Amino acid sequence: MEEKEKIFETLKSAVVSGDHELAIKTAKRAIEIGIDAYVCIMEGLSPGMQVVSDKYEKREVFVPQILRSARAMNMAVDILKPHIPVSSVRTNGKIVLGVVAGDIHDIGKNLVKLLCEAAGFDVIDLGKDVPVEKFVETAKEEATDIVGMSALMTTSMIGMPDIIKSLKEQNVNCKVIIGGGPVSQSYADSIGADGYAADAAKAVKLVGKLLGG
Ligand code: B1M
């Protein structure tokens, strides 16, 4: 196996086993030998988190292991992030991004933020468990182009239409995109969102498309 492939596999297994020391060491090695930091996230860390998600669904791992995996992933991302080439073409596109109220799952949202920033968009990150008013007020104050909402639970995604309704009522002129496990293109259509993306890379493409790029 080529060293590059080995690095991706090691990053993946470091996330799966929640070994942050291995994740950091491997991320540093990747940078040292010139492997693309973005590809390390997409081919190593992200698939690792996917494995953990699947195991959680099957009750093969539990919350403590999940938190260790998330920590390993975040620590490796911190090493890799400064090495992701930020697009030299500033788009002037501004995105207000957050995880909707009642939901604290922010790993996916953080990936969306990372890739959107790398693509040259300005991202205002509202964090997690964000109330409707916070999305709307910030969108207004910042005259944002796009509001991006993430939800990982069926119980929290139902808050998304309230944000869209409130944006419309207050005449905030922006597009709305959504993402996260339980949502879909058909859900986006049904609530009047302007777009849905299944993953962070697709979110970047969608933002570009909606901004006319
Ligand atoms: Co919890 N959790 N969790 N959890 N968790 C899920 C979501 C769940 C599906 C697991 C399950 O039971 N099968 C389930 C929800 C069920 C439902 O729908 N009702 C669940 C539950 C129930 C809970 C708790 C209630 C558990 C409890 O306490 N009993 C609790 C909820 C707390 C709360 O939010 N109020 C809870 C807690 C946690 C942890 C804290 C342990 C941890 C979160 C840590 C953190 O995020 N900081 C956690 C995790 C990690 C998961 C799973 C295992 C993995 C999620 C993840 O990070 N995936 C998850 C199982 C699953 O998803 N299958 C589960 C990796 C990440 C890279 O993918 O987030 O999908 P994802 O993001 C992707 C795309 O979706 C997309 O791009 C991302 C990157 O490619 N995307 C967007 C995301 N947002 C986007 C926005 C966009 C565009 C694309 O545009 C704006």
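Keep in mind that this is a model prediction, so the values were computed, not measured.

Reading the values: rules and limits
Residues numbered from 1 in each chain as written. Predicted model: local features only at pLDDT ≥ 70, side-chain atom pairs only at ≥ 80, totals over all residues. Heavy atoms only, no water. Donors = N, O, S within 2.8 Å, 3.2 Å for Na, K, Ca; no water. Helix = DSSP H or I, 4+ residues; strand = E, 2+ residues; numbered from the N terminus. Contact = heavy atoms within 4.5 Å. Domains from an automatic or database assignment. Buried area = accessible area lost by both parts, 1.4 Å probe. Salt bridge = Lys/Arg side-chain N within 4 Å of Asp/Glu carboxyl O. Polar contact = N/O pair within 3.5 Å; in protein donor to acceptor, adjacent residues only side chain to side chain. Axes fitted to C-alpha atoms, helices over the stretch in contact; angles between N-to-C directions. Parallel < 35°, antiparallel > 145°, perpendicular 65-115°, else oblique. Left-handed = near helix turned anticlockwise from the far one by under 90°. Nonpolar A, V, L, I, M, F, W, Y, C, P; charged D, E, K, R; others polar. Buried < 20%, exposed > 50% of the residue type's maximum accessible area, 1.4 Å probe, protein only.

Asker: Would you take a moment to explain the coordination of the cobalt atom of the ligand for this structure?
Answerer: Under perfect tetrahedral coordination by four donors, a metal shows angles of 109.5 degrees; under perfect octahedral coordination by six donors, it shows angles of 90 or 180 degrees. With respect to protein ligation, the cobalt atom of the ligand binds only His105 (NE2), at 2.2 Å. Checked against the element boundaries, His105 lands in the loop between strand S1 (94-99) and helix H5 (107-118).

Asker: Would you take a moment to explain the environment of Thr138 for this structure?
Answerer: Inspection of the secondary structure puts Thr138 in helix H6 (residues 132-142). Dropping the residues within four chain positions of it, Thr138 is found in contact with Val96, Ile124 and Leu126.

Asker: Sorry if this is basic, but what is going on with the domain arrangement of the chain here?
Answerer: Frequently, the measure chosen for interface size is the accessible area removed from exposure when the parts meet. Looking at the assigned domains, one finds that the chain contains domain 1 (3-87) and domain 2 (89-210). Each of domain 1 and domain 2 has a C-alpha centre, and these two points are 25 Å apart. Taking both sides of the interface into account, the surface hidden between domain 1 and domain 2 amounts to around 1,000 Å²; carbon and sulfur atoms contribute 73%. The tally of links from domain 1 across to domain 2 stands at zero salt bridges. At the boundary of domain 1 with domain 2, the tally comes to zero residue pairs in polar contact (both at pLDDT 80 or more).

Asker: For this particular structure, what's the right way to read the packing of helix H2 (residues 20-32) against helix H4 (residues 63-80)?
Answerer: The geometry of H2 relative to H4 is characterised by a closest axis approach of 8 Å and an angle of 25 degrees between their N-to-C directions. By the angle between their axes, H2 is roughly parallel relative to H4. When you trace H2 past H4, the crossing you get is right-handed. For the pair H2 and H4, the contacting residues are His20, Ala23, Ile24, Ala27, Lys28 and Ile31 in the first and Arg71, Ala72, Met75, Ala76, Ile79 and Leu80 in the second. Of the residues that constitute the contact of H2 with H4, the class distribution is nine nonpolar, one polar and two charged.

Asker: Looking at this structure, I do not really get the pattern of salt bridges. What am I missing?
Answerer: Working definition: two side chains of opposite charge can pair if their charged atoms are close together. Here the structure, examined in full by the defined rule, presents nine salt bridges. The closest approach of N and O atoms between Glu3 and Arg29, which form a salt bridge, is 3.0 Å. Note that Glu3 is positioned in helix H1 (residues 3-17) and Arg29 in helix H2, a separation of 26 residues in sequence. Using a relative accessible area of 36% as the deciding quantity, one classes Glu3 as partly exposed. Each of Glu3, Arg29 and Glu32 takes part in a single network of salt bridges with overlapping partners.

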